[in-house]
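# Notes for the structure review
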Amino acid sequence: MPTRIAENPAVTLDAWSAPLAADPAGAAAFLAEVADRVAHRPRVLALSAGPVADELAELGYAVAEAGLDSLPAQRFDVVYAGADVLSRLLVQREQVRAVRRLAALLRPGGALVVQGHHPDPAGWASHPLVTGHDCARQTLFLADARVPLRYVWPSELDLMAELAELALDSRWGGWYGEAAACGSPVVSLYRS
């Protein structure tokens, strides 16, 4: 069954992802540090990571880019799901399948890095990009978006990872060790 991914206008999704996406060098440095801890000559798979993948390649890392619908057959030391990749999947079951598929691409001892947003329903009422929220379906409607995003609570993501036989290593509010907080970017690191 094909994965249904929300097709949001680039400008809205770029603005939503801006806090972390605006710093591809920071993301690449974070991923390089993770990769160096995992393997001597690490291979990295980057999903929705354009400039981050370019930065990693410039640093000398073997990087492959793919989408959830076009995952490669080989295995990697680090898999990076950037730019709210999971939130574009509109059903929890699809998100669980995606985490399992990404975990299956990891070599033993590998790491899955998931970039997203820490949900903040109380703050969305005044957020300039948010036009609606359905708490029962965990969906968020963004201005000019044709399809909503399904947000994932950090504890929910931890359970998805556990179902994929991954364990939480660390969670940050950005690329430089910031604390994760409601309404802020969140970067979760899982190990196999």
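All values reported here derive from a predicted model rather than from experimental measurement. (Residues numbered from 1 in each chain as written. Predicted model: local features only at pLDDT ≥ 70, side-chain atom pairs only at ≥ 80, totals over all residues. Heavy atoms only, no water.)

A few words now on helix H4 (residues 92-104). With 13 residues, H4 extends 18 Å from end C-alpha to end C-alpha; this agrees with the ideal 18 Å at 1.5 Å per step. Regarding H4, the residues found buried are Glu94, Gln95, Val96, Ala98, Val99, Leu102 and Ala103. The inward-facing, buried residues of H4 abut strand S1 (43-47), strand S3 (76-81), strand S4 (106-117), strand S7 (149-150) and helix H6 (154-163). (Helix = DSSP H or I, 4+ residues; strand = E, 2+ residues; numbered from the N terminus. Expected span 1.5 Å × (residues − 1). Buried < 20%, exposed > 50% of the residue type's maximum accessible area, 1.4 Å probe, protein only. Contact = heavy atoms within 4.5 Å.)

Attention now moves to the packing of aromatic side chains. Inspection of every chain in the model, using the stated rule, returns four aromatic pairs. An angle of 85 degrees between the planes, with centres 5.8 Å apart, marks the rings of Tyr151 and Trp153 as edge-to-face. Under the relative-accessibility criterion, Trp153 is labelled partly exposed at 28%. Grouped by ring-pair contacts, the aromatic residues Phe30, Tyr80 and Trp175 constitute a single cluster. (Phe/Tyr/Trp six-rings, centres within 6.5 Å; stacked < 30°, edge-to-face > 60°.)

Leu45, Val79, Leu102, Leu112, Leu157 and Leu166 are the most contacted members of the largest nonpolar core, which has 27 residues in total. Of all elements in the fold, only S1, strand S2 (62-66), S3, H4, S4 and H6 reach the threshold of two or more residues within this core. No other element matches the five residues that H4 contributes to this core. Contacts of Leu112, omitting those with residues within four sequence positions, involve Val79, Val99, Leu102, Leu106, Leu166, Ser188, Leu189 and Tyr190. Ala28, Ala32, Ala35 and Trp175 belong to the second largest nonpolar core, which has 22 residues in total. (Core = buried A, V, L, I, M, F, W, Y, C linked by side-chain atoms within 4.5 Å.)

Time to look at the sheet that holds strand S8 (residues 167-172). Two strands in a sheet stick together by hydrogen bonds in their backbones, pointing the same way (parallel) or opposite ways (antiparallel). Strand order in the open sheet made by the six strands is S2-S1-S3-S4-S9-S8, with mixed pairing throughout. Both outer strands of the open sheet, S2 and S8, are each paired with one neighbouring strand and no more. Averaged over all pairs of adjacent strands, the angle between strand axes in this sheet comes to 20 degrees, irrespective of strand direction. Bridge analysis of S1 against S2 gives five bridges, and the strand direction is parallel. Counted as the bridge partner of Arg43 is Ala62 from S2. Across the face of the sheet, H4 comes into contact with S1, S3 and S4 while running at roughly 140 degrees to S4. (Pairing = 2+ DSSP bridges. Axes fitted to C-alpha atoms, helices over the stretch in contact; angles between N-to-C directions.)

Attention now moves to the confidence of the model for the chain. For the chain, per-residue confidence averages 88 on the pLDDT scale, and residues scoring 70 or more make up 89% of the total. Taken element by element, the predicted model of the chain shows its lowest mean pLDDT in helix H1 (residues 10-21) (56) and its highest in H4 (98). In the model, residues 1-11 has pLDDT below 50 throughout and makes 27 contacts with residues more than four positions away in sequence or in other chains. (pLDDT = per-residue confidence, 0-100.)

One non-glycine residue, Gln138, adopts positive backbone phi at about 55 degrees. Overall, the relative accessible area of 14% leaves Gln138 in the buried class. Residues other than glycine seldom take positive phi values, yet Glu165 does so here, at roughly 65 degrees. Its location among the elements puts Glu165 in the loop between H6 and S8. By relative accessible area, which is 70% here, Glu165 ends up exposed.

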